[in-house]
Amino acid sequence: MSNKKAIAMLLLALMMLIAACGSGKNNAQDSSSSSAGSSPSGSSATSSAPAETIELRMTWWGSDARHEKTLKVIELFEQKNPGIKITPEYSGFDGYFDKLNTQIAAGNAPDLIQMGGNIREYIDKNALLDLSPYVGNVLNLEDFSEGLLKKATVDNKFYGVTLGVSTFGLLYNATMFEKAGVPLPSENWTYEDFKNAAVTISRKLGPGHYGTYDLSSGNNTSGLSTFLLSNGKELYRDGDRRFDRQDMIDWFTLWDDMRKAGAVTPPDVMVANPPGEIDKSLIVQGKVAIQAAAASQIYGFQELTQDKLGLLVFPVGSKGSGHVTPDPGQYMTGYAKTEHPEAVAKFINFMVNDPDAALILGNDRGVPPSGKIRDLLAAQSTPTDKVLYDFVSTVSRIASDVDYQQFPLDNELLKLYQVTGEKIAFGAQSIDAAVDEFMTEIDKLIVKAKAQ
Amino acid sequence: MQKYKTYAAGYLFLLPWLLGFALLYMGPIFASLYLSFTSYDLLTAPKWIGWANYRTMFTDDYRLADSVNVTFQYVFLSVPFRLAFALGLALLLNQGMKLLGLYRTIYYIPSLLGGSVAISVLWRQVFSKEGIFNDALGLLGISGPNWIADPKYAIFSLVGLSVWQFGAVMIIFLAGLKQIPQEFYEAATVDGAGAFRRFWRITLPLLTPVIFFNLTITLIQSFQTFTKAFIISGGNGGPINSTLLYSLYLYIKGFSFLEMGYASAMAWLLLVIVATMTALMFLSSRYWVFYSDGRD
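Residues numbered from 1 in each chain as written. Chains lettered and ligands numbered in written order. Predicted model: local features only at pLDDT ≥ 70, side-chain atom pairs only at ≥ 80, totals over all residues.

Draft legend 1. Inspection of the packing of helix 8 (residues 167-179) of chain B against helix 10 (residues 195-223) of chain B at higher detail. Residue and element names in this part refer to chain B. With their axes 9 Å apart at the nearest point, helix 8 and helix 10 run at an angle of 165° to one another. Taken together, the axis directions place helix 8 and helix 10 in an arrangement best described as roughly antiparallel. Helix 8 and helix 10 meet at a crossing whose hand is right-handed. Across the interface between the two elements, Val-169, Ile-172, Phe-173, Gly-176 and Leu-177 of helix 8 pack against Leu-207, Val-210, Phe-213, Asn-214 and Thr-218 of helix 10. Of the residues assigned to the contact of helix 8 with helix 10, the class counts are seven nonpolar, three polar and no charged. (Axes fitted to C-alpha atoms, helices over the stretch in contact; angles between N-to-C directions. Helix = DSSP H or I, 4+ residues; strand = E, 2+ residues; numbered from the N terminus. Parallel < 35°, antiparallel > 145°, perpendicular 65-115°, else oblique. Left-handed = near helix turned anticlockwise from the far one by under 90°. Contact = placed C-beta atoms within 7 Å. Nonpolar A, V, L, I, M, F, W, Y, C, P; charged D, E, K, R; others polar.)

Here's what the structure looks like:
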């Protein structure tokens, strides 16, 4: 009896063992094929399929509006290039670079990657494809100005084609301004004017309505960096910060005063409805009148509201405007380990030069870099297009002639800035104490950046 | 001889797990031990830096201190509440009611869903300023804050979500309750013991092995909680680090800030913390856990 039992157990255990091994093997296969990128699966696909279909993966971040447009362009490209198939991998901005970093570390990043102002970091780490062999044949950049190509060029190698020129600004709800009877500010408005406008809007529109989001909190440093530049300082240049403790005190005090005057969203409202998340933004709901944003984001916001939205420049300081010259904000790049670099270049070329693609994409990633495409779009521009064009040209005109440099560990700076702002806004720390901590931490970041 | 056969069968049963551990887990574990002594940004090769990561952890990282603090708060609130809640429901369901199977299933559902992203998103809505939780409070005349956006309360919404996933613990309690012989209760009733006395003198002591098991498992799980905090805080552990659970901070360090060496060192510190807590539990167990089958 007990013998039988033991044998039954043995058999059972053996079965489980076999099952476990079986699945283990499958897992191993799966992970090996995905971690080695497209090489094994790609080569097997080509050997079995006589037509040699090239399969590319493409990743980008953005709003739903951008996803739709980009998907349409991919479809169009596939129609015109039957040999190439593109699998899209898109998401919002949150977590985009976390995922990308992991994929690059594992060696299986997508072939086509949308990059932002941090492109240099990825060039330095050899993650991006050198496109220079394709410039002039597959990739046509004739209509591009020299300045647009410079930022993505390192040691005569060219890594990314800009998808559009954009700049930071203040996105505002014009309908709310109108309702509150506040006249639209001029491009020379000061923070005093800003405060008055925000206070009036809060008061006139009643409880639950605020003049402005808190630019001293949240994960967007454009308010701070324009404030510093408009007062003759800078966030960062050539390996160092170019501002003092007092500048930060001034900035946070400015916002603390406005908060006390009731002009600013309270911190819990701000956390629950972060200005960066378009579907939660209170600008869209007509409850907050001003927020900081990348100018081209106006498309995503405007799509969700009947209110009229517009763009304003940041207030001026003692040294004039703190705006810098509009930048190539986003790039399309190739992955250094892609199996099909030529197809990658071909698609990038399609995105920036094909008239049909251009009409679909519009100005969603900023004002297009090619002169011909700009003329094409201008011929049939929408009111929102006009707002964006006007704003970009205003900023170009008033911008200080400083050559802007991005803080090297931007992601970490944003988190630090957000926590500092929240500590002050929630009253968890005094401005003095919070700024002391901020200065200590930012100096650590600078040391870390230098070590890299 | 018979004894060895039984052991062999036991090890055979263990084999699939052992193989899985050896083939799938061992490599990454040793790799992370190595990486914890390096500076590794994921994109370029790791550089050996000795104990520097560990030194920074203990001397120069105030966010880590915040994070450990928040994690202990979370664990010490959520574990007792979850166990108590699960035990209470198990006692109710053990009254021999009709449709027991149905209720058991219904109460187990949150545990199946609770770890998912969708539930965390739902939780964010429920506890927002205009969420249904505040609506319910409103009926009582209380005007609630925004539970997830206020640093004073944010941790409680995480604790609440954790308590709500009581199902697995409850099922194990139910099984434990069924093991207690009915004769004990009958004898006690005859002797005039009331319901509370029966619970205190019979149920609880005989249930201690199950409580011990649930406590240990839940404690270990709670230290590793990630998804809830990630989704509810929008990935940053805010406001003001108030939901920056240990695993979330580890993730931010490793994948957002590209300090995978440091994140690996953090993982080993977490292992030490969890191992210490578990060891303490086992040491304490002989003073309060009672095995009725006569073995010591």
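On we go from here.
Draft legend 2. Spotlight on the pairing of strand 11 (residues 309-312) of chain A. Residues and elements named next belong to chain A. Neither face of strand 11 is left uncovered, since the one carrying Leu-309 and Leu-311 and the one carrying Gly-310 and Leu-312 both have all their residues buried. The pairing of strand 7 (residues 168-173) with strand 11 spans four bridges and is antiparallel. Paired with Leu-170 across the bridge in strand 11 is Leu-312. (Buried ≥ 20, exposed ≤ 12 C-beta atoms within 10 Å, placed from the backbone. Pairing = 2+ DSSP bridges.)

Draft legend 3. Here's a closer look at the sheet that holds strand 3 (residues 112-115) of chain A. All names here are of chain A. A sheet is described by the order of its strands in space; here five strands give the open sequence 2-1-3-12-6, paired in mixed fashion. Unpaired on one side and paired on the other, strand 2 (84-91) and strand 6 (160-166) mark the two borders of the sheet. Between one strand and the next, the sheet's axes are offset by a mean angle of 20°, whatever the strand orientation. Where strand 1 (residues 54-61) lies against strand 3, two bridges are found, and the strand directions are parallel. Bridge assignment links Met-58 to a residue of strand 3, and that residue is Leu-112.

Draft legend 4. Broad picture of the domain arrangement of chain A. Domain parsing of chain A yields domain 1 (52-164 + 328-386) and domain 2 (168-323 + 407-451). A straight line from the C-alpha centre of domain 1 of chain A to that of domain 2 of chain A covers 30 Å. (Domains from an automatic or database assignment.)

Draft legend 5. Region of the structure containing the interface of chain A and chain B. Listed as interface residues are 31 residues of chain A and, on the opposing side, 31 residues of chain B. Put simply, the parts of the chain that give the side of chain A that touches chain B at least two residues each are helix 1 (2-35), helix 4 (96-106), helix 11 (267-272) and helix 17 (410-425) of chain A. The element contributing the most residues to the side of chain A that touches chain B is helix 1 of chain A, with eight residues. Counted by class, the side of chain A that touches chain B contains 17 nonpolar, six polar and eight charged residues.

Draft legend 6. A look at the environment of Val199(A). Residue and element names in this part refer to chain A. Considering the arrangement of structural elements, one finds Val-199 in helix 8 (residues 191-205). Classification of Val-199 by C-beta neighbours within 10 Å gives partly exposed; the count is 18. Taking the C-alpha atoms as reference points, Val-199 and Gly-116, 83 residues apart in sequence, are found 35 Å from one another. Filtering out sequence-adjacent residues up to four positions away, Val-199 remains in contact with Gly-211, Ala-261, Gly-262 and Ala-263.

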